[in-house]
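Structural overview for review
Here's the letter readout for the chains.
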Amino acid sequence: MWLSVAAAIATILLKAAAAYITGSVGFLSDAMESGVNLVAAIVALIALKVSTKPADENHHFGHGKAEYLSALVEGLMIFIAATSIIWAAVGRLMNPRLIEQPGIGLVLSSVASVINLAVGMLLIRKGRQYRSVTLVADGKHLLTDVWTSVGVLVGIGLVWLTKWPPLDPIIALLVGVNILWTGYGLLKRSMIGLLSAAIPPEEEAQIEAILEEFSAVGVTFLPLRTIEAGRQRQVFVIIQVPPDWTVGYTHDICDEIEERIEATLPRTETFIHAEPLST
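Residues numbered from 1 in each chain as written. Predicted model: local features only at pLDDT ≥ 70, side-chain atom pairs only at ≥ 80, totals over all residues. Heavy atoms only, no water.

Counting secondary structure elements, the protein chain contains eight helices and four strands. Listing each helix as α and each strand as β along the protein chain from the N terminus yields α-α-α-α-α-α-α-β-β-β-α-β. Its C-alpha atoms give the protein chain a radius of gyration of 25 Å, clearly above 19 Å, the size a compact globule of 279 residues would have. Taken over the C-alpha atoms alone, the protein chain extends approximately 85 × 30 × 30 Å along its principal axes. Per-residue burial over the protein chain gives 46% buried out of 279 residues. (Helix = DSSP H or I, 4+ residues; strand = E, 2+ residues; numbered from the N terminus. Rg over C-alpha atoms; globule rule 2.2 N^0.38 Å. Buried < 20%, exposed > 50% of the residue type's maximum accessible area, 1.4 Å probe, protein only.)

Below, the structure is given as structure tokens:
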């Protein structure tokens, strides 16, 4: 995330310089999106630090959902940036003007795009490795920024070739709409997480496969319940065991189930309730 902060600062400077030199509202909209990236990266950095705190007396299940708050803030910031971009684009569309020195602007923006591409791919890779929704969300946002920048670059190049000034604010409008869509996706993902969504189906299937193995020793299971909280998972299992089993033996079976789930899906907290099997 510190790398993401550094990349955001670098791309803001490059794109702002491109906007200042050329007077292009398209480059300005791209620079504003990078400004959102900076705020989002700082919020994400704070959220990651909070999410790693252990459980305490006020948060018995840890602080994993702090990552969803980060995605929520990032989505809201994107909506604010998109509104500003669209406002500026409409104003320029009503009073279009030619772009100055577009070649320099294209070079500066291209360098910024390469930085975002490299950092975005790294964030997504590390996010999947550590199961961090914050890292993945920030990485995908940077890659979206890259595609936005590519669109701006192509558009500014066309303005340069065609000498048609209205094309510049039209590009900015398209950028604004694209950013709005990105913001919607982030808000949707964060709200689902805050509402205690279940873990992904493929992970539930792995847990159910583990439980199925214990059926051979006489254990049956009621439907599985799960919660995803950032990098953390909570799994709730109700097992039914033969009524003649001792508490000690049942406890050993529960411990073995918990260990198998943790080995398969790290950062999983498993809660098991045992009941006697009805005859």
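Picking up where we left off.
On to the nonpolar core. Generally speaking, soluble globular proteins have nonpolar side chains that are buried together. Membership of the largest hydrophobic core comes to 26 residues, with the highest contact counts inside it found for Phe 27, Val 152, Ile 156, Ile 171 and Ile 179. Broken down by element, this core gets its largest block of residues, six residues, from helix α6 (residues 167-194). If near-sequence neighbours (up to four positions away) are discounted, Ile 171 is found in contact with Gly 151, Val 152, Gly 155, Ile 156 and Val 159. Of all hydrophobic cores here, the second largest spans 17 residues; its members include Leu 211, Phe 214, Val 235 and Leu 265. (Core = buried A, V, L, I, M, F, W, Y, C linked by side-chain atoms within 4.5 Å. Contact = heavy atoms within 4.5 Å.)

Of the volumes computed, that of the largest pocket is approximately 430 Å³. Together, 19 residues line the largest pocket, and Val 133, Val 136, Ala 137, Lys 140 and Arg 189 are the ones closest to its centre. Per element, the largest residue contribution to the lining of the largest pocket is six residues, and it comes from helix α5 (residues 133-162). For the lining of the largest pocket, the per-class residue count stands at six nonpolar, seven polar and six charged. The volume enclosed by the second largest pocket comes to roughly 160 Å³. Lining the second largest pocket we find 13 residues, and of these Lys 53, Phe 61, Gly 62, Gln 232 and Arg 267 sit closest to its centre. Mapped by element, the contributors of at least two residues to the lining of the second largest pocket are β3 (232-241) and β4 (268-276). Looking at side-chain class alone, the lining of the second largest pocket contains two nonpolar, seven polar and four charged residues. (1 Å grid on protein atoms, 1.4 Å probe; cavity = no way out; pocket = protein on both sides within 12 Å on 5 of 7 lines; lining within 4 Å. Points joined across faces, edges and corners; volume = space filled by probe spheres on them. Nonpolar A, V, L, I, M, F, W, Y, C, P; charged D, E, K, R; others polar.)

Among the secondary structure elements, Ile 115 is positioned in helix α4 (residues 102-130). Looking at Ile 115, the relative accessible area reads 27%, which means it is partly exposed. Considering only alpha carbons, one finds Ile 115 and Val 146, 31 residues apart in sequence, at a separation of 9.1 Å.

Let us now look at the packing of helix α2 (residues 25-51) against α5. Packed helices, taken two at a time, are described by the angle their axes make and the gap between the axes. Where α2 meets α5, the closest approach of the two axes is 10 Å, and the angle between their N-to-C directions is 175°. In terms of orientation, α2 and α5 fall into the roughly antiparallel class. Only Thr 134, Leu 135, Asp 138, His 141, Leu 142, Asp 145, Thr 148, Ser 149, Val 152, Leu 153 and Ile 156 of α5 make contact with α2, whose side of the interface consists of Gly 26, Phe 27, Asp 30, Glu 33, Ser 34, Val 36, Asn 37, Ala 40, Ala 41, Ala 44 and Leu 48. Taken together, the residues that form the contact of α2 with α5 break down as eleven nonpolar, seven polar and four charged. (Axes fitted to C-alpha atoms, helices over the stretch in contact; angles between N-to-C directions. Parallel < 35°, antiparallel > 145°, perpendicular 65-115°, else oblique.)

Locating Ser 109 in the fold gives a position in helix α4. Ser 109 sits in the buried class, given a relative accessible area of 0%. What Ser 109 contacts, discounting residues up to four positions off in sequence, is Phe 27, Asp 30 and Leu 153.

Contact geometry of helix α1 (residues 2-22) with α4 gives a least axis separation of 8 Å together with a crossing angle of 165°. As the angle between them shows, α1 and α4 are arranged roughly antiparallel. Handedness of the α1/α4 crossing: left-handed. Contacts between α1 and α4 pair Leu 3, Ser 4, Ala 7, Ala 10, Thr 11, Leu 14, Lys 15, Ala 17, Ala 18, Ile 21 and Thr 22 from the former with Pro 102, Ile 104, Gly 105, Leu 108, Val 111, Ala 112, Ile 115, Asn 116, Val 119, Leu 122 and Leu 123 from the latter. When its residues are assigned to classes, the contact of α1 with α4 shows 16 nonpolar, five polar and one charged. (Left-handed = near helix turned anticlockwise from the far one by under 90°.)

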